[in-house]
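Structural overview
Okay, here's what each chain looks like letter by letter:
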Amino acid sequence: MDQLYSFLENEGVDRALLEGVKAFRDKHPTEGENQNRVPQPEYYYYGKKTWELALAAILAGKNLLLAGPKATGKNVLSENLGALFGRPVWNVSFHINTDAAYLVGTDTYDGNRVSFRPGPIWLCAEKGGFGILDEINMAKNEALAVLHAALDFRRSLDVPGYEKIDLRPETRFIATMNYGYAGTRDLNEALTSRFAVLDMPIISEENLQKLISRRYPTISVKIRDQLVKLYAELQRKAESAEISDAALDLRGLLDAIALMEQGLSSGDALDMCIVNKSFDSYERGLIRDVICARIPADLTRNVVFSQ
Ligand SMILES: Nc1ncnc2c1ncn2[C@@H]1O[C@H](COP(=O)(O)OP(=O)(O)OP(=O)(O)O)[C@@H](O)[C@H]1O
Ligand SMILES: [Mg+2]
């Protein structure tokens, strides 16, 4: 956490908010049994403004909905927030069959007796955790109704047949939601209304340079900058609908660098991680042209990285 805290200081995140984080941590120290659930992030989220919005919402006791296109760092930011606030994290991936029993808890029979096995939402409530509700819009609305009281001023969970519990004051929920993917649905208004909604921006060119250099310290600065410009160009082309957003994938760009580090040529790596994400051969040609104008296909590892 201390490294992450210094990172945010260096990024120029508002002092008062960072002081607020410190005060929160002093007030709510992590307890022993939950220590191993506090994330230890490998990657940091870049974006000063987004950090400030998220910190303000959490400090104000609000739950956060991170909404945005794929690979905008929604999960990275969620985990970073858990780490920064020193809270144990429960990750819940929502899907079409997610139901209330899974979220809150259910009866199990251990051979002798029936007992209540708490679900992740219950555990967050009880242990003061941060619940990451990943892709919350993938679940059916009926399943989500159980969250309403937990997410609004009532801050409680009431499961018929069991006790009602109040959320610990430090409990927060951070939901993520992707729009743009086929098959995603909108979140109903009752639920959306219970979150502060953060519209996740696409990473800036300056931050992308920093991110790549931090992750791949030996990459050639010239090639790094071409990759950053390539990403910006794919973004422009997707915005003007010259190409679909299939290839506009930061994850893909970063993966391509990892494959080059393994010894693949730049062409093969960028094909696998960017070009081939389009399943339309005409579009693949367009994307390859954009790439080739910046990055020759035959670059080898010793050109891309300094030893
Ligand atoms: N602003 C950012 N700061 C740091 N990393 C970022 C940022 N934006 C994207 N990334 C990188 O993009 C990759 C994907 O991040 P992550 O999984 O958090 O995205 P996501 O928004 O949850 O995507 P999806 O909607 O597809 O699940 C990671 O490697 C992450 O480090
Ligand atoms: Mg995600």
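Residues numbered from 1 in each chain as written. Chains lettered and ligands numbered in written order. Predicted model: local features only at pLDDT ≥ 70, side-chain atom pairs only at ≥ 80, totals over all residues. Heavy atoms only, no water.

Side note on unusual backbone geometry
- In this model, E135 sits at a positive phi of 55°, which is unusual for a non-glycine residue.
- Take E135: it is sitting in the loop between strand 5 (130-134) and helix 7 (141-144).
- We note that A241 has phi near 65°; this positive angle belongs to a residue other than glycine.
- Secondary-structure assignment places A241 in the loop between helix 11 (221-239) and helix 12 (250-261).
- With relative accessibility at 62%, the residue A241 sits in the exposed group. (Helix = DSSP H or I, 4+ residues; strand = E, 2+ residues; numbered from the N terminus. Buried < 20%, exposed > 50% of the residue type's maximum accessible area, 1.4 Å probe, protein only.)

Looking at the site of ligand 1
- Contacts to ligand 1 come from 19 residues, most closely from Y46, K74, N75, N178 and R215.
- Residue R251 places a side-chain N or O atom 2.9 Å away from an oxygen atom belonging to ligand 1.
- Taking 640 Å² as the accessible area of ligand 1 by itself, protein coverage stands at 92%.
- Among the elements of the structure, helix 4 (74-85), helix 10 (205-215) and helix 12 are those that each provide at least two residues to the shell around ligand 1.
- Inspection of the shell around ligand 1 shows a minimum of three residues originating in each of domain 1 (2-199) and domain 2 (205-304). (Near = heavy atom within 4 Å. Polar contact = N/O pair within 3.5 Å; in protein donor to acceptor, adjacent residues only side chain to side chain. Areas by Shrake-Rupley, 256 points an atom, 1.4 Å probe, with all protein chains shown as cover. Domains from an automatic or database assignment.)

Things to note about the pairing of strand 8 (residues 172-178)
- Burial analysis of strand 8 places 7 of its 7 residues in the buried class, the great majority of the element.
- Of the two faces of strand 8, the one holding R172, I174, T176 and N178 and the one holding F173, A175 and M177 are both buried throughout.
- Inspection of the sheet shows strand 1 (residues 64-68) paired to strand 8 by 5 bridges, in the parallel sense. By the bridge assignment, G68 is partnered in strand 8 with N178.
- Pairing analysis gives 4 bridges linking strand 5 to strand 8, with the strands arranged parallel. From the neighbouring strand, I132 faces strand 8, where its bridge partner is I174. (Pairing = 2+ DSSP bridges.)

Side note on the packing of aromatic side chains
- Counted under the stated rule, the structure contains 6 aromatic pairs.
- Aromatic side chains Y45 and W51 sit 6.4 Å apart centroid to centroid with 70° between the ring planes, which places their arrangement in the edge-to-face category.
- Here the basic side chain of R215 rests over the ring of Y43, its NZ or CZ set 3.4 Å away from the ring centre. (Phe/Tyr/Trp six-rings, centres within 6.5 Å; stacked < 30°, edge-to-face > 60°. Lys NZ or Arg CZ within 6 Å of the ring centre and 35° of its normal.)

Observations regarding the sheet that holds strand 1
- Sheet architecture is open: 5 strands sit in the order 2-5-8-1-9, paired in parallel fashion. Of all strands in the sheet, those bounded by a partner on one side alone are strand 2 (89-93) and strand 9 (196-199). For this sheet the average axis-to-axis angle between neighbouring strands, irrespective of direction, equals 20°.
- Contacts from helix 6 (residues 120-127) reach strand 2, strand 5 and strand 8, with the element oriented near 160° to strand 2. (Axes fitted to C-alpha atoms, helices over the stretch in contact; angles between N-to-C directions. Contact = heavy atoms within 4.5 Å.)

Considerations on helix 12
- With 12 residues, helix 12 should reach 16 Å at 1.5 Å per residue; the first-to-last C-alpha distance of 17 Å fits that figure.
- When helix 12 is considered as a whole, its buried residues turn out to be L250, G252, L253, L254, A256, I257 and M260.
- Lining the buried residues of helix 12 we find helix 10, helix 11, helix 13 (266-273) and helix 15 (301-304).
- For helix 12, the capping residue at the N-terminal end is D249, with a side-chain oxygen 3.0 Å from the backbone nitrogen of R251.
- Two residues or fewer after helix 12 comes G263, characterised by a positive phi angle close to 110°. (Expected span 1.5 Å × (residues − 1).)

Thoughts on helix 10
- Those residues of helix 10 not exposed but buried are N207, L208, L211 and I212. For helix 10, the angular spread of the buried residues around the axis is 135°, confining them to a single face.
- Of the surrounding secondary structure, the elements contacted by the buried residues of helix 10 are helix 11 and helix 12. (Arc of directions from axis to C-beta.)

Topic: the pattern of salt bridges
- Under the counting rule described, the total for this entry stands at 16 salt bridges.
- Linking E9 and R15 is a salt bridge whose minimum nitrogen-to-oxygen distance equals 2.9 Å.
- Residue class for E9 comes out partly exposed when judged on its relative accessible area of 33%.
- Among the residues examined, R15 registers a relative accessible area of 46% and is labelled partly exposed.
- Between K48 and E52 there is a salt bridge; the shortest N-O distance is 3.1 Å. Note that K48 and E52 are positioned in helix 3 (residues 48-59) at a spacing of 4 residues, about one turn of the helix.
- The class of E52 is buried, set by a relative accessible area of 17%. (Salt bridge = Lys/Arg side-chain N within 4 Å of Asp/Glu carboxyl O.)

Looking at the pairing of strand 3 (residues 105-109)
- One ladder, built from 5 bridges, connects strand 3 with strand 4 (residues 114-118); its direction is antiparallel. The residue of strand 4 that forms the bridge with Y109 is V114.
- Count of turn residues in the strand 3/strand 4 antiparallel hairpin: 4 residues, of which G111 carries a positive phi of about 105°.

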